[in-house]
Amino acid sequence: MRAAVLRSGAVKARVIDDPVPGPGQLLVRSLACGICASDLHFMDHPEAGADDDSGMSTYDQDVDIVMGHEYCAEVVAYGPDTERRIPLDARVSSLPILATPGGRKIIGQNPESPGGFGEYFLLTEAATRVVVSDLPSEVVCVADAISVGWSAAVRAQATTNEVPLIVGCGAIGLSAIATLRHLGLGPVVAVDFVASRRETALAMGADVVVDPAEISPYQAWRDVARTSAGSMTEMLATVGLPGCVVFECVGVPGVLDSIIKGCERGTRIFSVGGPPEGEHLHTLTAKRKGLNIQFGGGPLPPHWNEAFEAVCSGSLDVTPMLGRTVGIDGVSAALDSARDADGPVRIVVVP
C-alpha cells in the first residue's frame, strides 16, 4: 500500500506492506484522517515515546510508523476469530486503540498499529463503531478530536453557577466550547492570540473571545462573570461572582502556571494540553488559592461514543474546524502547515 511514513524524524510517501489483520481485528481502508497536534508532538518528541513504559506509544526512529488516529474508514476484510457483525464496505471509526497479542497500542503511534495516513490499517472489531450518517467522511473523522474536549467538558460537571474559561482555541479547546454549549452551559469565554482561532471559537459557540495580548483573560472573565451574576442584589445573594472552571488547551510550558497565578480563588482547572517537555508550577500559589487541578488523559470510551454520535447526527457541527484536504503525497507539507497557529484547525488526509 501507499502511505505517508514516519522514519528518522521525517515523513515521506512510500510503498510498504499491507497490514494483515490478526485475531479479532478488521482490515479497513482509510477514507479520511485528520492531522492532530498529537501527531506533531509524537514525531517531534521521540523521547516521549521512548519513555512510555506502557508500550502503547512507541517511537523507534529506525522503523516505519504510519501516523493518523482521527479517521473514518471502510471495512475491507476480517481477521481470524472475528464475529463479522459489521458488513464489508461499511463506514466505521473507533477509539484509536488496537488490541494486539502484545497489548494495547495507540493507532498511529506504534509500528504495530499503523494509522490513517496510509491506504489501509487495522481496527479492533469489538471497539469499532458503524457510521450511521450521510455526512462526508472528512466530517466524521473529526469526531475523535471532538471526543477529547467532550470528555474534559463532561468530566468537569460544570453548572449554571459557573462561567467556563477556555484557554487555547485549537481542536481540543474548540471541542470543549462546542460540548459546553451542547450541554446548555455558558456564557463561555475563549482565549487565543490568533484572530482566526477566535473567529472559529465564536462559530463553535463561544460567547466572548479574548486576545490575551490586549486584555488579561482573567479580567475579561471577571467582566463576563459580573454580567452573568446580574444585579448587585443578586451578586450579594450569591456571595460574589459565579465559580470559574478553566480548560487549559494549549500544551505550551508556562500556560498552566500562568493560569494558576492569574485565576480566581477556588477555580477548578482541567489541563488537557500537556507539553511534552513538562511544566513548572507554583504549587504554593495553587495551595493558597485552594485550586483544584485535574490532568486530562484520553477520552473515556463512553465519552468517545457520545462525541461520535453527536458528530454523526449533526447535532454538533464541526464544519467550522475543517480546512483543506490533501493526499498521501501532501502529508509532509500538511504537517508543516499544521504547525502554524494561524492555519486551519484540521487538515484532513484523504489517501
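The numbering scheme is per chain: residues are counted from 1 as the chain's sequence reads. Selection of residues for local features in this predicted model requires a pLDDT of at least 70, selection of side-chain atom pairs for listing and counting requires 80 or more, and totals for whole chains, interfaces and linings are taken over all residues. With hydrogens and water set aside, each side-chain value is computed from the structure's full complement of heavy atoms.

> I keep staring at the environment of Leu-27 and nothing clicks. Help me out?
Here Leu-27 is to be found in strand E3 (residues 25-34). When accessible area is computed with a 1.4 Å probe and restricted to protein chains, residues below 20% of their type maximum are described as buried, those above 50% as exposed, and intermediate ones as partly exposed. With relative accessibility at 12%, the residue Leu-27 sits in the buried group. Here a residue-residue contact requires only that any non-hydrogen atoms of the pair lie within 4.5 Å. Leaving out residues up to four positions away in the same chain, Leu-27 has contacts with Pro-19, Pro-21, Glu-74, Val-75, Val-76, Ala-77, Tyr-120, Phe-121 and Leu-122. Strands are runs of DSSP state E lasting at least two residues, helices are runs of H or I lasting at least four, and both sets are numbered from the N terminus onward.

> Help me understand helix H9 (residues 255-262), please; the structure alone is not making it clear to me.
Because the α-helix completes a turn every 3.6 residues, residues three or four places apart line up on one side. Counting buried positions along H9 yields 6 of 8 residues, so the element is predominantly enclosed. Those residues of H9 that fall on the buried side of the exposure criterion are Val-255, Leu-256, Asp-257, Ile-259, Ile-260 and Gly-262.

> I keep staring at the packing of aromatic side chains and nothing clicks. Help me out?
The relation between two aromatic rings is expressed through the spacing of the ring centres and the mutual angle of the planes. The pairing test for Phe, Tyr and Trp rings, Trp by its six-membered ring, is centres within 6.5 Å, and the orientation test on the planes gives stacked under 30 degrees, edge-to-face over 60, and tilted for anything in between. Applying the stated criterion across every chain yields a total of 4 aromatic pairs. Look at Trp-304 and Phe-308: their rings are 5.0 Å apart centre to centre, the planes differ by 15°, and that puts the pair in the stacked class. On the criterion of helical spacing, the pair formed by Trp-304 and Phe-308 is a turn pair, its members being 4 residues apart in helix H11 (residues 301-313). Residue Trp-304 is classed as buried on the basis of its relative accessible area of 1%.

> For this particular structure, what's the right way to read the pairing of strand E2 (residues 10-15)?
Remark: a regular strand shows side chains that alternate across the two faces of the sheet. The pairing criterion is simple: DSSP has to find at least two bridges between the two strands. In this structure, strand E1 (residues 2-7) lies alongside E2, joined through 6 bridges in antiparallel fashion. Counterpart to Ala-3 in the pairing with E2 is Arg-14. Linkage of E1 to E2, two consecutive antiparallel strands, is achieved through a turn of 2 residues, within which Ser-8 is found at a positive phi near 55°.

> Where do I start with the sheet that holds strand E10 (residues 162-167) in this structure?
Two strands in a sheet stick together by hydrogen bonds in their backbones, pointing the same way (parallel) or opposite ways (antiparallel). What the 6 strands build is an open sheet, ordered E12-E11-E10-E13-E14-E15; its pairing is parallel. Either end of the sheet is taken by a strand with one partner, and the two such strands are strand E12 (208-210) and strand E15 (292-295). For this sheet, the mean angle separating the axes of adjacent strands, direction not counted, is 20°. Interaxial angles span 0 to 180 degrees and are taken between N-to-C directions of axes, which are lines fitted to C-alpha atoms, for helices over the stretch in contact. Relative to E10, helix H5 (residues 171-182) is tilted by about 160°, and along the sheet it contacts E10, strand E11 (189-191) and strand E13 (243-248).

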